[in-house]
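Inside the fold
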Amino acid sequence: MICELIKAVIFDLDRTLLDRDQSVLKFIDGQFERYNRFLGHIPREDYCERFVELDNHGYYPKYL
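The following paragraphs examine the structure supplied in this document. Everything numeric in this text was worked out from a predicted model, so none of it was measured.

Conventions adopted
Residues numbered from 1 in each chain as written. Predicted model: local features only at pLDDT ≥ 70, side-chain atom pairs only at ≥ 80, totals over all residues. Heavy atoms only, no water. Helix = DSSP H or I, 4+ residues; strand = E, 2+ residues; numbered from the N terminus. Areas by Shrake-Rupley, 256 points an atom, 1.4 Å probe, with all protein chains shown as cover. Expected span 1.5 Å × (residues − 1). Contact = heavy atoms within 4.5 Å. Patch = residues over 30% accessible without salt bridge, like charges linked within 9 Å, V, L, I, M, F, W, Y side chains within 5 Å. Salt bridge = Lys/Arg side-chain N within 4 Å of Asp/Glu carboxyl O. Buried < 20%, exposed > 50% of the residue type's maximum accessible area, 1.4 Å probe, protein only. Core = buried A, V, L, I, M, F, W, Y, C linked by side-chain atoms within 4.5 Å.

1. Considerations on the overall build of the protein chain
- Scanning the protein chain for helices and strands turns up four helices and zero strands.
- The order of helices and strands in the protein chain, counted from the N terminus, is α-α-α-α.
- Accessible surface, the protein chain as shown: approximately 6,200 Å² in total, 59% of it carbon and sulfur.

Shown next as structure tokens:
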């Protein structure tokens, strides 16, 4: 039944529809603001850089 309703599926494999890097940076900045009382001792730049490093552009090992 659901399959009959789906007309198309779009994959953004080359970042033409969504700039993931900018979206992640915006998310991290907002997260830092929301949790500033817990993260205030960490410089924002260090927090953001580490988050981006750990995020690894959304790629992570599947064998954890």
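2. Focus on helix α2 (residues 20-34)
- With 15 residues, α2 extends 21 Å between its outermost C-alpha atoms, agreeing within 8% with the 21 Å of an ideal straight helix rising 1.5 Å per residue.
- At its buried positions, α2 is contacted by α3 (36-39) and α4 (44-55).

3. Description of a nonpolar patch on the surface
- Together, Ile 6, Val 9, Phe 11 and Leu 13 make up a nonpolar patch on the protein surface, roughly 510 Å² of accessible area in all.
- Turning to its location among the elements, Phe 11 is positioned in the loop between α1 (2-5) and α2.

4. Some thoughts on the environment of Leu 39
- Mapped onto the elements of the fold, Leu 39 is located in helix α3.
- Of the residues examined, Leu 39 reaches a relative accessible area of 14% and is grouped as buried.
- Apart from residues lying up to four places away in sequence, Leu 39 is in contact with Phe 32 and Tyr 47.

5. Considerations on the nonpolar core
- Val 24, Ile 28, Phe 32, Leu 39, Tyr 47 and Cys 48 form the largest nonpolar core, which has six residues in total.
- Sorting the residues of this core by element identifies α2 and α4 as the ones contributing at least two each.
- A total of three residues in this core trace back to one element, the largest contributor, which is α2.
- What Tyr 47 contacts, discounting residues up to four positions off in sequence, is Ile 28, Gln 31, Phe 32, Leu 39 and Ile 42.

6. Some words on the pattern of salt bridges
- Per the counting criterion, the structure on display carries four salt bridges.
- Among the ionic pairs, Asp 29 bridges to Arg 44, the shortest N-O distance being 2.4 Å. A residue pair is termed long-range when its members are at least 10 positions apart, and Asp 29 in helix α2 and Arg 44 in helix α4 qualify at 15 residues.
- Under the relative-accessibility criterion, Asp 29 is labelled partly exposed at 34%.

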